[in-house]
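# Fold and geometry: a report
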Amino acid sequence: MTGWVLTEACTLPTAGQAVRIAEFDGLFTTSVLDMSREESGWLRLRLGGGADVESRARDLTAREAECCAFFDFAVGRDGGQVIVDVRVPADKELVLDGLAAQAEAVLAARGGR
């Protein structure tokens, strides 16, 4: 496992996995406002920003779903926020925990948690 990536379940080369984690980190660093675990296997991220953040989130989650098909991403808007719902099956919750920890670390660094 590299970061939250299950290397045996990911079709990206190892170097690509590190780049993908950095892309999520970049999105979180610039945009994450809050996160919550709605239920087991479901993470909701609230991002601040306009159409550019929504477009970036859609692109990143679409590419992630291509290489890790167990992810179910939904990106939408709620007023001025971009909502990213991430769902995984029970046997992949460890990956979701890692993604949540990455967002949590960004929020904590900002003093938000």
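Structure: see above.
Bear in mind the structure is a predicted one, so any value in this text is a computation, not a measurement.

Here strand S1 (residues 32-39) pairs with strand S2 (residues 42-48) via six bridges, running antiparallel. Looking across to S2, one finds that Arg 37 is bridged to Leu 43. Here S1 folds back onto S2 in antiparallel fashion, the turn holding two residues, of which Gly 41 has a positive phi close to 80°.

The next thing to look at is the sheet that holds S1. Read across the sheet, four strands follow the order S1-S2-S4-S3 without closing on themselves; strand pairing throughout is antiparallel. Two strands lie at the open edges of the sheet, namely S1 and strand S3 (72-78), each paired on one side alone. Strand-to-strand, the axes of this sheet are offset by a mean angle of 20°, without reference to chain direction. Against the sheet, helix H2 (residues 51-67) contacts S2, S3 and strand S4 (81-87), and its axis sits at roughly 170° relative to S3. Packed on one face of the sheet, helix H3 (residues 93-109) meets S1, S2 and S4 and runs near 150° to S1.

Going through the model one piece at a time under the given rule, you end up with three aromatic pairs. Positioned over the ring face of Trp 42 is Arg 87, at 3.8 Å from the centre of the ring. Seen from the ring of Phe 70, Lys 92 lies directly overhead, with NZ or CZ sitting 5.5 Å from the centre.

A few words now on the pairing of S3. By the bridge criterion, seven bridges tie S3 to S4 in an arrangement that is antiparallel. Bridging from a neighbouring strand, Asp 72 pairs with Arg 87 of S4. In textbook terms, the turn of a hairpin is the stretch between consecutive antiparallel strands, and for S3 and S4 this stretch comprises two residues, one of which, Gly 79, has a positive phi near 65°.

Below, the discussion takes up the nonpolar core. Grouped together as the largest cluster of nonpolar side chains are 28 residues, with contacts concentrated most on Phe 28, Leu 43, Leu 45, Leu 47, Phe 71, Val 84 and Val 86. Contributions of two or more residues to this core are made by helix H1 (14-31), S1, S2, H2, S3, S4 and H3. Sequence-distant contacts of Leu 43, that is, excluding residues within four places in its chain, are made with Met 35, Ser 36, Arg 37, Val 84, Asp 85, Val 86, Leu 96, Leu 99 and Ala 100.

Definitions and cut-offs
- Residues numbered from 1 in each chain as written.
- Predicted model: local features only at pLDDT ≥ 70, side-chain atom pairs only at ≥ 80, totals over all residues.
- Heavy atoms only, no water.
- Pairing = 2+ DSSP bridges.
- Helix = DSSP H or I, 4+ residues; strand = E, 2+ residues; numbered from the N terminus.
- Axes fitted to C-alpha atoms, helices over the stretch in contact; angles between N-to-C directions.
- Contact = heavy atoms within 4.5 Å.
- Phe/Tyr/Trp six-rings, centres within 6.5 Å; stacked < 30°, edge-to-face > 60°.
- Lys NZ or Arg CZ within 6 Å of the ring centre and 35° of its normal.
- Core = buried A, V, L, I, M, F, W, Y, C linked by side-chain atoms within 4.5 Å.
- Buried < 20%, exposed > 50% of the residue type's maximum accessible area, 1.4 Å probe, protein only.

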